[in-house]
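A closer look at the structure
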Amino acid sequence: MFLGCVASVLYLQIRMLLLRLEIDDPLEIVAVHGTSSLWSIISTGIFDLNDGFISTGKSNLLIM
């Protein structure tokens, strides 16, 4: 539930940024799929139970 709340806040912020920059994205594909995908990649590195940053303190999954 927490991850979905963060994703929705990110979506709203990116949507407002695209509107402010006057970037035409009529279906809001970038705001919905781009931010959700990026957040899911980052949150995997943070919250993974075996190798995540919170459980181990190592940033192996956060750095490529």
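Scroll up for the structure.
Not measured: the values here are computed from a predicted model.

This next bit is on the overall build of the protein. Scanning the protein from N- to C-terminus turns up three helices and zero strands. Of the regular secondary structure in the protein, the N- to C-terminal order runs α-α-α. Taking 11 Å as the expected radius of gyration for a compact globule of 64 residues, we find that the protein reaches 14 Å, considerably beyond that expectation. A principal-axis box enclosing the C-alpha atoms of the protein has dimensions of 40 × 25 × 15 Å. Split into buried and exposed, the 64 residues of the protein put 14% on the buried side. Within the protein, contacts between residues at least 6 apart in sequence are counted, and of these 24% link residues at least 24 apart. Accessible surface, the protein as shown: approximately 5100 Å² in total, 68% of it carbon and sulfur.

Attention shifts here to helix H1 (residues 2-20). Between its first and last C-alpha atoms H1 spans 27 Å; for 19 residues at 1.5 Å apiece the expected length is 27 Å, and the two agree. One or two residues past the end of H1 sits Glu 22, with phi positive at roughly 60°.

Before going further, it helps to examine helix H2 (residues 29-47). The end-to-end C-alpha distance of H2, which contains 19 residues, comes to 26 Å, matching closely the 27 Å that a straight helix rising 1.5 Å per residue would cover. For H2, every residue scored as buried is listed here: Ala 31, Thr 35, Trp 39, Ser 43 and Gly 45. The buried residues of H2 occupy an angular sector of 150° when the element is viewed end-on, so they sit on one face. Here the buried face of H2 lies against H1 and helix H3 (53-56).

So, about the side chain of Thr 35. Tracing the backbone through its elements, the reader meets Thr 35 in helix H2. Thr 35 gets classed as buried once you look at its relative accessible area, which sits at 11%. In this structure, Thr 35 is in contact with Leu 10, Tyr 11, Ile 14 and Val 30, ignoring residues within four places of it in sequence.

As a further point, take the packing of H1 against H2. Between H1 and H2, the shortest axis-to-axis distance is 9 Å and the interhelical angle comes to 140°. Considering the angle they form, H1 stands oblique to H2. As H1 runs across H2, the sense of the crossing is right-handed. Counting all contacts with H1, which are made through Phe 2, Leu 3, Val 6, Ala 7, Leu 10, Tyr 11, Ile 14, Arg 15 and Leu 18, the residues of H2 involved are Val 30, Ala 31, Val 32, Thr 35, Ser 36, Trp 39, Ser 43 and Phe 47. The class makeup of the residues in the contact of H1 with H2 is 13 nonpolar, three polar and one charged.

Definitions and limits used
Residues numbered from 1 in each chain as written. Predicted model: local features only at pLDDT ≥ 70, side-chain atom pairs only at ≥ 80, totals over all residues. Heavy atoms only, no water. Helix = DSSP H or I, 4+ residues; strand = E, 2+ residues; numbered from the N terminus. Rg over C-alpha atoms; globule rule 2.2 N^0.38 Å. Buried < 20%, exposed > 50% of the residue type's maximum accessible area, 1.4 Å probe, protein only. Contact = heavy atoms within 4.5 Å. Areas by Shrake-Rupley, 256 points an atom, 1.4 Å probe, with all protein chains shown as cover. Expected span 1.5 Å × (residues − 1). Arc of directions from axis to C-beta. Axes fitted to C-alpha atoms, helices over the stretch in contact; angles between N-to-C directions. Parallel < 35°, antiparallel > 145°, perpendicular 65-115°, else oblique. Left-handed = near helix turned anticlockwise from the far one by under 90°. Nonpolar A, V, L, I, M, F, W, Y, C, P; charged D, E, K, R; others polar.

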